[in-house]
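In case you want the letters, here they are:
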Amino acid sequence: MISVVAMFLIGLGMNGRVYGPNGGDILEMLGFVGDLGSGALYFLAMIMGWGQAAAAHATADYGKTL
């Protein structure tokens, strides 16, 4: 449990994105399912608005999609 919380907080600290439910790209849907797997941390992040910032630069999505 400690490692899941730590990785979630480290991800937020690195300006990571918290995905919301959507019907778009398959990778975004998988990101949502993965985020949902963190349980209460996901709902806390959605309520507090954490992880909703836009990418700071164009290279932020490299490695996510082709």
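Residues numbered from 1 in each chain as written. Predicted model: local features only at pLDDT ≥ 70, side-chain atom pairs only at ≥ 80, totals over all residues. Heavy atoms only, no water.

Re the overall build of the chain
Under the convention used in this document: Numbering of helices and strands runs from the N terminus, with a helix taken as a DSSP run of H or I at least four residues long and a strand as a DSSP run of E at least two residues long. Partly exposed describes any residue whose relative accessible area lies between the buried limit of under 20% and the exposed limit of over 50%, with all areas from a 1.4 Å probe on protein chains only and scaled to the type maximum. In this description, contact between two residues means that some pair of their heavy atoms is separated by no more than 4.5 Å.
Each helix and strand in the chain was counted, giving three helices and zero strands. Listed N to C, the secondary structure of the chain is α-α-α in terms of helices and strands. Counting all 66 residues of the chain, 21% fall into the buried class. Counted over contacts in the chain with a minimum sequence separation of 6, partners at least 24 positions apart contribute 51%.

Overview of the nonpolar core
Across soluble globular proteins, you tend to see nonpolar side chains buried next to one another. Keep this limit in mind: In this description, a nonpolar core means a group of buried Ala, Val, Leu, Ile, Met, Phe, Trp, Tyr and Cys residues linked to one another through side-chain atoms lying within 4.5 Å.
Counting eight residues, the largest nonpolar core is built from Phe-8, Leu-12, Val-18, Tyr-19, Phe-32, Leu-41, Tyr-42 and Ala-45. Of all the secondary-structure elements, those providing two or more residues to this core are helix 1 (2-13) and helix 3 (40-48). Here the element with the most residues in this core is helix 3; it accounts for three residues.

Some thoughts on helix 1
Here is the rule we go by: One less than the residue count of a helix, multiplied by 1.5 Å, gives the span that helix is expected to have.
Between its terminal C-alpha atoms helix 1 stretches 16 Å, which fits the 16 Å expected from 12 residues at 1.5 Å a residue. Two residues or fewer after helix 1 comes Asn-15, characterised by a positive phi angle close to 60°.

Quick look at the pattern of salt bridges
Cut-off, in case you're wondering: A carboxyl oxygen of Asp or Glu within 4 Å of a side-chain nitrogen of Lys or Arg is what we treat as a salt bridge.
Under the definition given, this model contains one salt bridge. Across the pair Glu-28 and Arg-17 runs a salt bridge, and its minimum N-O distance is 3.8 Å. Placement of Glu-28 in helix 2 (residues 26-36) and of Arg-17 in the loop between helix 1 and helix 2 is noted, with a sequence separation of 11 residues between them. Accessibility expressed as a relative area gives 19% for Glu-28, which makes it buried. Assessed through its relative accessible area of 44%, Arg-17 is described here as partly exposed.

A few points about the packing of aromatic side chains
Definition in use: Classification of ring pairs uses Phe, Tyr and Trp, with its six-membered ring standing for Trp, and accepts pairs whose centres are within 6.5 Å; under 30 degrees between planes counts as stacked, over 60 as edge-to-face, and the remaining range as tilted.
With the rule as written, the count across this model stands at two aromatic pairs. Taking the centre distance of 5.4 Å and the plane angle of 75° together, the rings of Tyr-42 and Phe-43 count as edge-to-face. Taking the relative accessible area as the measure of exposure, Phe-43 reaches 48% and is therefore partly exposed. In textbook terms, an aromatic cluster arises when at least three aromatic residues are bridged by ring pairs, as seen for Phe-32, Tyr-42 and Phe-43.

Functional significance is not addressed by these values, which are geometric in nature.
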